[in-house]
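# Understanding the architecture of this molecule
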Amino acid sequence: MWVRGDTLFVPTIFVSYYGKALDEKTPLLRAMQAVSKAGVRLLKLLGHECKSVFPNIGLEQEFFLIPKSAFKKRPDLQLAGRTVMGCDAPRGQELCDHYMSPLNAAALRCMKEMQHECFKMGIPLKTRHREVAPNQYECAPFFGLATAQIDENLVVMELMEEIADKHNLVCLLAEKPFKGINGSGKHNNFSLGTESGLNLFNGPQLQKVAGNNDAFPVIMAAVVKAVHAHGDLMRMSIVVPGNDFRLGAMEAPPAIVSTYLGESLTTHLEEYKKGNVLSYEPIKRKVELGVESVAAFTVPAEDRNRTSPFPYGGHRFEFRA
């Protein structure tokens, strides 16, 4: 629940008199219940008993901030939330100057207030930064329970539009507001956890808690099988006209749903298929820059491949929708 001004916001569900779902939250709650039931049963067979298994997600929210004066000159932006006519922008995203630069003063003031107002409502937006396209930005919250995160994201989007208006800006949340440059995704970082804090996608942690090396590859295999068997449902879940202008067009990922596990995890699962039940230890590699004043550092082997719609990124999968 949230309190904003003199109003208490209470997340709820909408069903018919006969119990049929009229919303999207009721099917989500049913799905979460099914996952928990199957997950508890599977973990018991794999050597670990728990009371529930639930999805944790972190939704990355991308958006554009444009001057209100420019917005008022474009009837298509005002009516449709995206441009539908006109020439391509003279400046695209060929260079990395926008992505790598600090936030401009106007956008920074606006995003600071967004974070402040969200924090007052118990919604901690952890990150804020520029994105690839000009005037594109992103913020992301802490991970949390799927149903709560979705409710919070809806509130965040509403706040973004209201606060941008106060700063003489307009916040565009349409998936593809401009031709020729990246659109705005809502990447969903997804994991499964238990009430004790166990992350089922954290190989070393799961092996230690379950007391065997079978649990992690079995769960990873189940995820891969689900993507293979139900990729069409995953694709349907993100099909809206705006998103279809974005996926597989000017940017990654492609519209065909697949997963990517990275070299380290793929090798581990291949060995498991051969009967070699080994402990999974993510490989780290050392990076030397050849600069004496900069010490060598290590990087993880899990590579959340940006060309895959559903890559494994270490402890989570990222649905790059």
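In the block above lies the structure referred to throughout.
Below or above, wherever it landed, is the structure these notes cover. (Residues numbered from 1 in each chain as written. Predicted model: local features only at pLDDT ≥ 70, side-chain atom pairs only at ≥ 80, totals over all residues. Heavy atoms only, no water.)

Another aspect to go through is the overall build of the protein chain. Per the secondary structure count, the protein chain includes ten helices and 14 strands. A globule of 321 residues ought to have a C-alpha radius of gyration of about 20 Å, and the protein chain, at 22 Å, matches this closely. When the backbone C-alpha atoms are referred to their principal axes, the protein chain occupies close to 70 × 65 × 35 Å. Within the span of the protein chain, comprising 321 residues, buried residues form 43% of the whole. In the protein chain, 64% of the contacts between residues at least 6 apart in sequence involve partners at least 24 apart. Here the protein chain holds 37 positive side-chain charges and 35 negative ones, and the gap between their average locations is 1 Å. (Helix = DSSP H or I, 4+ residues; strand = E, 2+ residues; numbered from the N terminus. Rg over C-alpha atoms; globule rule 2.2 N^0.38 Å. Buried < 20%, exposed > 50% of the residue type's maximum accessible area, 1.4 Å probe, protein only. Contact = heavy atoms within 4.5 Å. Lys, Arg positive; Asp, Glu negative; His and termini not counted. Charge placed at Lys NZ, Arg CZ, Asp CG, Glu CD.)

Turning our attention to helix H1 (residues 25-45). With 21 residues, H1 should reach 30 Å at 1.5 Å per residue; the first-to-last C-alpha distance of 30 Å fits that figure. Of the residues making up H1, those classed as buried are Lys25, Thr26, Met32, Ser36, Gly39 and Leu43. For H1, the arc enclosing every buried residue in end-on projection is 150°, short of the 170-degree limit, so these residues lie on one face. The outward face of H1, more than 90 degrees from its buried face, is lined by the exposed residues Lys37, Arg41 and Leu45. Where the residues of H1 are buried, they touch strand E3 (53-59), strand E7 (144-145), helix H6 (146-166), strand E9 (188-194), helix H7 (203-210) and helix H8 (215-237). After H1 finishes, the residue Gly47 shows a positive phi value of roughly 105°. (Expected span 1.5 Å × (residues − 1). Arc of directions from axis to C-beta.)

The strand order across the open sheet built from four strands is E7-E3-E9-E14, with neighbouring strands paired in antiparallel fashion. A strand with exactly one partner marks an edge of an open sheet, and here the two such strands are E7 and strand E14 (317-319). With seven bridges connecting them, E3 and E9 associate as antiparallel partners. Bridging across to E9, Gly58 finds its partner in Asn189. Of the strands in this sheet, E3, E7 and E9 touch H1, which is tilted by about 125° from E3. Relative to the sheet, H6 contacts E3 and E7, its axis offset from that of E3 by approximately 25°. (Pairing = 2+ DSSP bridges. Axes fitted to C-alpha atoms, helices over the stretch in contact; angles between N-to-C directions.)

Further remarks concern the nonpolar core. The biggest cluster of nonpolar side chains holds 29 residues, and the ones touching the most others in it are Leu200, Phe201 and Met220. Residue assignment for this core shows that the elements contributing at least two residues are H7, H8, helix H10 (262-273) and E14. In terms of residue count, H8 provides more of this core than any other element does, seven residues in total. Those residues in contact with Met220, other than ones at most four positions away along the chain, are Leu200, Phe201, Leu265, Leu269, Tyr312 and Phe317. (Core = buried A, V, L, I, M, F, W, Y, C linked by side-chain atoms within 4.5 Å.)

So, on to the packing of aromatic side chains. Under the defined criterion, the tally for this structure stands at nine aromatic pairs. Between Tyr17 and Tyr18, the ring centres sit 5.3 Å apart and the planes meet at 90°, which makes this aromatic pair edge-to-face. Summarising the burial analysis for this pair, Tyr17 and Tyr18 share the class exposed. Ring-pair connections join several aromatic residues into one group, and the members of that group are Phe190, Phe201, Phe310, Tyr312, Phe317 and Phe319. Between the NZ or CZ atom of Arg82 and the centre of the ring of Phe245, over which it lies, the distance is 4.3 Å. (Phe/Tyr/Trp six-rings, centres within 6.5 Å; stacked < 30°, edge-to-face > 60°. Lys NZ or Arg CZ within 6 Å of the ring centre and 35° of its normal.)

A few words on the pairing of strand E5 (residues 125-130). Pairing of E5 with strand E6 (residues 136-141), which is carried by five bridges, proceeds in the antiparallel orientation. When the bridges of E6 are listed, Arg130 appears paired with Tyr137. Where E5 folds back on E6, the antiparallel hairpin that results is connected by five residues, among which Asn135 adopts a positive phi of roughly 65°.

For Ala146, the location among the structural elements is in helix H6. Overall, the relative accessible area of 4% leaves Ala146 in the buried class.

Next up on the list: the sheet that holds E6. The four strands are arranged E5-E6-E4-E8 in an open sheet whose pairing can be described as antiparallel. If you trace the sheet from one side to the other, it starts and ends with E5 and strand E8 (169-172), each paired once. Strand-to-strand twist of the sheet, defined as the mean angle between neighbouring strand axes without regard to direction, takes the value 30°. Where strand E4 (residues 61-67) lies against E8, four bridges are found, and the strand directions are antiparallel. Following the sheet pairing, Leu65 is matched in E8 by Cys171. Relative to the sheet, helix H5 (residues 105-120) contacts E4, E5, E6 and E8, its axis offset from that of E5 by approximately 165°.

On to the pattern of salt bridges. Evaluation of the coordinates by the stated rule reveals twelve salt bridges. A salt bridge links Lys25 to Asp151; its shortest N-O distance comes to 2.7 Å. One end of the pair, Lys25, is in helix H1; the other, Asp151, is in helix H6, and 126 residues separate them in sequence. Asp151 sits in the buried class, given a relative accessible area of 14%. (Salt bridge = Lys/Arg side-chain N within 4 Å of Asp/Glu carboxyl O.)

Everything listed here is a matter of geometry and, on its own, says nothing about what the molecule does.
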